[in-house]
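Observations on chain architecture
Each chain, letter by letter, is given below.
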Amino acid sequence: MEKPPLPHEDDTVVTRDSLLCSLAGEGSQEGVVEPPARDGWDSKVEYFLAQVGFSVGLGNVWRFPYLCHQNGGGAFLLLYVLLMILVGIPLFFLELAAGQSIRQGSIGVWKHISPKLAGIGYSSCVVCFFVALYYNVIIGWSLFYLGNSFQYPLPWEECPEHGNTTVEECTASSPTTYFWFRKALNITDSIEETGEFNPVITCCLLAAWTIVCMGMFKGIKSSGKVMYFSSIFPYVVLLCFLIRGLMLDGAAEGIKYMFYPKLEIWGEVQVWRQAATQVFFALGLGFGSVIAYSSYNPHSNNCHRDALTVSTINFLTSVLASLVVFAVLGFRAREVAMRCVTRNLEKLSEQFSVGPLDRDLLPGFNISDPSLVPLEAYRDWFTAHGAKVPGNLTDCSLEEEMNKGVEGTGLAFIAFTEAMTLFPGSPFWSALFFLMLLNLGLSTMFGTLEGILTPLTDNFKVLKRHKTKLTVFSCIVGFLIGMLFTQRCGNYFVMMFDDYSATLPLIIVVVFECFSVSWVYGADRFLDDIEKMLHWRPPVIYKYLWKYVCLLAMLGLLGASLLRMCFKRPTYTAWNRQTASEVTLDYPDWALAVLAVLIIFATLPVPMGYIHSTLRSRTRHNFLGSGTDTGAVYTKCSTVECDTPVADLLDKHLERNGIPNDSPSPLAEENLRLLPQREGVEDIEDSTDL
């Protein structure tokens, strides 16, 4: 029998007949019935800001600019846009439409498609929990820097002194680098040196979880209000930084250096993998948060327009952030390069004053005033004559400085922080920047936590009745486990979770999502459901994108990620106190075991859900069909009460939940008679969705 279509908004009256009919459907034997009183957004603006706030996160500010810079600049942008159109937007639209149609969290959505696929939703919840653990630590770091920004001068502007001498570790690196590794993290030399807890960062983590708990206290009713500030404020800050950055010397070089196209990178598999991964994470696919947010929408909401709009805003935000980052980093790189020129010209002056040198080696510019010497003029002279002059002169490369510390935490807490110390009124700009990071992190955390709470409360009624307690309990557990990251070696665990705990499981989740909708449920029938919901049919191109392009692209990304892990031992970047520099180390064997456990634990619900549903289906089938003729047992009922086991269970459930117990209609009677013939019949008492 053909699978019933997705439920519609008017299917809110739950009766005995409707339950029997839904039970008779092949894919709805779990009893996915929309709650009669489901929460909803107070306005479309709140929903839109929530989706934008979740998709636009810290990765837009510190990962996208780095990837764009490292992988061909403008060529990477074109590749990113191509993958966004062919893969990102179709999958984003799929999740929006599924959540809005079925009006359930991720567990309920995939259980409706097929009970055997319910594990997809549980995997999404596990990954969301892993991400929430370390993501809130980054919010705690932002709180720490925000609190230290209200000082003048900033505590990371100059190296501290020990006695009458400057701390050697700071002198060998830089004030901002020293403050980050030694003052903020007090980091160990490797992940194997655990060290004690960092009390200040632990308190910041507690404050971060407290803020998240308060924002999520009443679900979307409270978090939606917070989004008015947390989603809009970062754009105000980015525009302020862009205007200020474009006025700085070196900004044009930084932007040009970033966007200069290198088309040859299109032939590298690694670049395609990184671009696809960034599209994947930028839109928040697989987390279940997109599904959760859209499930609170009115049934007729134009989710197709939302998919296009949110994806476009996400991309434009990444470009805006890249402009800001490289305008400021260009200014920082020029300042550092000019200090290099000053040091070298001072050495050159000493050489000419100490002894006679060949006058042909003398530069054509005035070396007595280094501040007036153009960087390009010095580099041209050094290329031609620098090696012939004694004194160990060095090149002063703007490009080399641009390559230092422009990824992840290195960008936010070292490179960008150092650049802001050069601004007039640096405490103001520092407070503004870290307040922006705080809001970017919070809006993403709200969505991540919603990706856990909504599926669980939709699927388990006892949790739905105590959603506030569940929210508080989740935040307490998150803080207690998150203390793992507040040890002195905690930053290394943050990198481990960020690099490996989410990537592979999320890719696997999205592969199953795409396969479930396009092949199990059927892409044509899914488009039919969307047409009934929106009163117009989306372009047929989505059918082929879901069935072939998106699915093959995600399988290719999964294969590339697995091969990379298999052929290249996972590494992490550690801080070495003796050399005052970063070094790349291999993860120890026990850390690799932890990585494997994280990945397995996150993906295990998918096969376990399939096995569990299959075994229950066979058990019910054997129970109902053994020793008797099912056609004789499940006959039409001539009275109000049926003598069948399923009818008895149904009547008990209806009486317990206050659902009208009317006499079965002929259609319901026929469905009841045919019920044992459906594969996967389950005991009504065991259904968590009724």
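Residues numbered from 1 in each chain as written. Predicted model: local features only at pLDDT ≥ 70, side-chain atom pairs only at ≥ 80, totals over all residues. Heavy atoms only, no water.

The description of two packed helices rests on the angle between their axes and on the distance between the axes. Remark: helix H7 (residues 119-148) packs on helix H23 (residues 490-501), axes separated minimally by 10 Å, with the N-to-C direction vectors making an angle of 135°. Relative to H23, the element H7 is oriented oblique. Between H7 and H23 lies a crossing of left-handed hand. Of the residues in H23, those touching H7 at Phe130, Tyr134, Val137 and Trp141 are Asn491, Val494, Phe497, Asp498 and Ser501. (Axes fitted to C-alpha atoms, helices over the stretch in contact; angles between N-to-C directions. Helix = DSSP H or I, 4+ residues; strand = E, 2+ residues; numbered from the N terminus. Parallel < 35°, antiparallel > 145°, perpendicular 65-115°, else oblique. Left-handed = near helix turned anticlockwise from the far one by under 90°. Contact = heavy atoms within 4.5 Å.)

Inspection of every chain in the model, using the stated rule, returns two disulfides. The disulfide bridge from Cys159 ends at Cys170, spanning 1.9 Å between sulfur atoms. The chirality of the disulfide connecting Cys159 with Cys170 is left-handed, given an S-S dihedral of about -85°. Remark: Cys170 occurs in helix H8 (residues 168-172) and Cys159 occurs in the loop between H7 and strand S1 (161-162); sequence separation between them is 11 residues. On the basis of relative accessibility, which here comes to 1%, the residue Cys170 falls in the buried class. Paired by a disulfide, Cys340 and Cys396 hold their sulfur atoms 2.0 Å apart. Taking the sign of the torsion about the S-S bond as the criterion, the disulfide between Cys340 and Cys396, at about -75°, is left-handed. Placement of Cys340 in helix H16 (residues 303-354) and of Cys396 in the loop between helix H17 (375-385) and helix H18 (398-402) is noted, with a sequence separation of 56 residues between them. Between Cys203, a free cysteine, and Cys204, which holds the nearest cysteine sulfur, the sulfur-to-sulfur gap is 7.0 Å. (Disulfide = S-S within 2.5 Å. Buried < 20%, exposed > 50% of the residue type's maximum accessible area, 1.4 Å probe, protein only.)

This part is about unusual backbone geometry. Note that the residue after Tyr152, namely Pro153, is joined by a cis bond; omega there is -5°. For His535, which is not glycine, the phi dihedral falls at a positive 70°. Along the polypeptide, His535 turns up in the loop between helix H24 (503-534) and helix H25 (541-567). Take His535: its relative accessible area is 67%, and that puts it in the exposed class. Here the phi dihedral of Ala580 falls at roughly 55°; this positive angle occurs in a residue that is not glycine.

A few words on the UniProt feature "binding site: Na(+)" (unreviewed entry) in the protein. What UniProt calls "binding site: Na(+)" (unreviewed entry) maps, in this numbering, to Gly53, Val56, Asn60, Asn314 and Leu440. A maximum C-alpha distance of 12.6 Å among these annotated residues, which run over 388 residues, shows that they cluster at one spot. Taking relative accessible area as the criterion, Gly53 reaches 4% and is therefore assigned buried. What Gly53 contacts, discounting residues up to four positions off in sequence, is Ser231, Ser443 and Thr444. Looking at the element boundaries, Leu440 is found in helix H20 (residues 426-459). With a relative accessible area of 4%, Leu440 lands in the buried category. In contact with Leu440, other than residues within four places in its own chain, are Val56, Gly57, Leu58, Val61 and Pro234. (UniProt positions renumbered as here; feature names shortened; annotations may be inferred.)

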